[in-house]
Amino acid sequence: MSRSRANCRVSQRTAFTLVELLVVIAIIGVLVALLLPAVQAAREAARRSQCSNNLKQMALGMMNYEDSLKTLPPGRTGCDGDSSYQCNGFTTGGGTIGWSAFVHTLPYIEQSSLFNKIDNITVAPWGVNTGWDNATNMEVVSARPKFMVCPSESAKPFVDNQPSSGKKAATGNYGLCGGHLGPPNGSPIKHINTGVFVYRSTFRLADITDGTSSQFLLGETKNSDGYLDNVPNGTAPNMWTTGSRFMTLRTTANPLNTKPSLGAFVDNTNGPSNAAFGSLHPGGAQFAFVDGHVSLITNQINFVTYQRLSQRADGEVVGDY
């Protein structure tokens, strides 16, 4: 009898009551709730770091290009065939050649194999009846190198503005700094702007008289926020192989992270594009400067200062931003 009672007491000591079980579950829930933001923050920090590395890699590639050819690459190889405006002093040459500065930089970031697939560098990489869409050119146009994509991007990776042909172009998350002038002004701005990337023309480091450490070279853009859904025919703002005003070539005409169809300056002829830089990271967007360093520019930056950082020679050297 005494042994039976002892066993009963032991059994009672090792069992969990319903209240105790609920308390344990509640404690675990609280711990998960406390840890989840920290885990998410760590993941975002890793994504932002990778995005920063992408910008750094491209900036260094462009500096290698400049060291070899003594100029930065052109924002777009040609003038877009527009005869109504001078292309920064050039009315001939370049034609509709549309390869972007990113493409010209490929051999200088250990991507010669991709660059060498281009069948003809003298045609537009995306357009109607320009001879661009042969098999080898399409390998480049449809390629999506990891360094062109922000890890936080969730939008579809390709767009098709020629649905009858089924041809697709890959998107990217980085834009070239064209300056502070933007839409709705069209052709003059793509040819003559205040930044370091325009159509046809190129700039030397000596042309950046405000200093290479205070001049935007590249910045983040995003294809989310409904950009791909709102633009006619699915034309994305950032087909990274194509130099295109207000899309691959961005400006500071509107503040950071202004949504596509909003802002003081919107170009509705090419879809709801306002040429704004933007980021999927909280708080602002990352930019690579001409001297190669990468910084986060916050959404709260003074707008005048923000615009000065995009101008190569406005006579105002930006200090602490």
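For clarity, every value in this text was computed on a predicted model and none was experimentally measured. The residue numbering used here restarts from 1 in each chain and proceeds along that chain's sequence as written. Local features in this predicted model are restricted to residues whose pLDDT is 70 or higher, and side-chain atom pairs enter the listing and the counts only when it is 80 or higher, whereas totals over whole chains, interfaces and linings include all residues. Heavy atoms from the whole structure form the basis of all side-chain values; hydrogens and water molecules are not counted.

1. Details of a nonpolar patch on the surface
Then step 1. Patch members must show over 30% relative accessible area and no salt bridge, and they are joined within 9 Å when carrying like charges or within 5 Å when they are nonpolar side chains of Val, Leu, Ile, Met, Phe, Trp or Tyr. Where accessible areas are quoted, they stem from the Shrake-Rupley method and a 1.4 Å probe; at the residue level, only the protein chains shown are allowed to cover. We define a salt bridge as a side-chain nitrogen of Lys or Arg found within 4 Å of a carboxyl oxygen belonging to Asp or Glu. A cluster of nonpolar side chains, V19, V23, I27, V30, L31, L34 and L35, forms an exposed patch at the surface whose accessible area comes to about 680 Å².
Then step 2. The way it works is that DSSP assigns letters per residue, a run of H or I at least four long becomes a helix, a run of E at least two long becomes a strand, and they are numbered from the N terminus. Structurally, I27 can be placed in helix 2 (residues 18-69).

2. Notes on the packing of aromatic side chains
Then step 1. Here a pair means two rings of Phe, Tyr or Trp (six-membered ring of Trp) with centres within 6.5 Å. Their orientation is stacked below 30 degrees between planes, edge-to-face above 60, and tilted elsewhere. In this structure the tally under the stated criterion is seven aromatic pairs.
Then step 2. When the ring of F287 is compared with that of Y306, the centres are 6.2 Å apart and the planes differ by 75°; the resulting orientation is edge-to-face. Taken as a pair, F287 in strand 6 (residues 284-289) and Y306 in helix 8 (residues 303-308) lie far apart in primary sequence, 19 residues in all. Each member of the pair, F287 together with Y306, is buried. Buried, partly exposed and exposed residues are distinguished by accessible area as a fraction of the type maximum, computed with a 1.4 Å probe on protein chains only: under 20%, between the cut-offs, and over 50%, respectively.

3. With respect to the nonpolar core
Then step 1. Counting 39 residues, the largest nonpolar core has M62, F102, L217 and L218 as the members making the most contacts within it.
Then step 2. The element best represented in this core is helix 2, accounting for six residues.
Then step 3. Note on definitions: a residue-residue contact is assigned when non-hydrogen atoms from the two residues lie within 4.5 Å. Those residues in contact with F102 that lie beyond four places of it in its chain are M58, M62, M148, Y174, G175, L176, L218, W240 and T248.
Then step 4. Grouping buried Ala, Val, Leu, Ile, Met, Phe, Trp, Tyr and Cys residues that are joined through side-chain atoms within 4.5 Å yields what is termed a nonpolar core. In terms of nonpolar packing, the next biggest core, distinct from the first, is built from twelve residues, F216, L256, F277 and A285 among them.

4. So, unusual backbone geometry
Then step 1. Backbone geometry places F246, a non-glycine residue, at a positive phi of 65°.
Then step 2. Note on placement: F246 falls in the loop between helix 7 (227-230) and strand 5 (249-251).
Then step 3. One non-glycine residue, A275, adopts positive backbone phi at about 65°.
Then step 4. Take A275: it is sitting in the loop between strand 5 and strand 6.

5. Considering the environment of S295
Then step 1. Locating S295 in the fold gives a position in strand 7 (residues 294-298).
Then step 2. Between the C-alpha atom of S295 and that of L55, which follows or precedes it by 240 residues, the distance is 9.9 Å.

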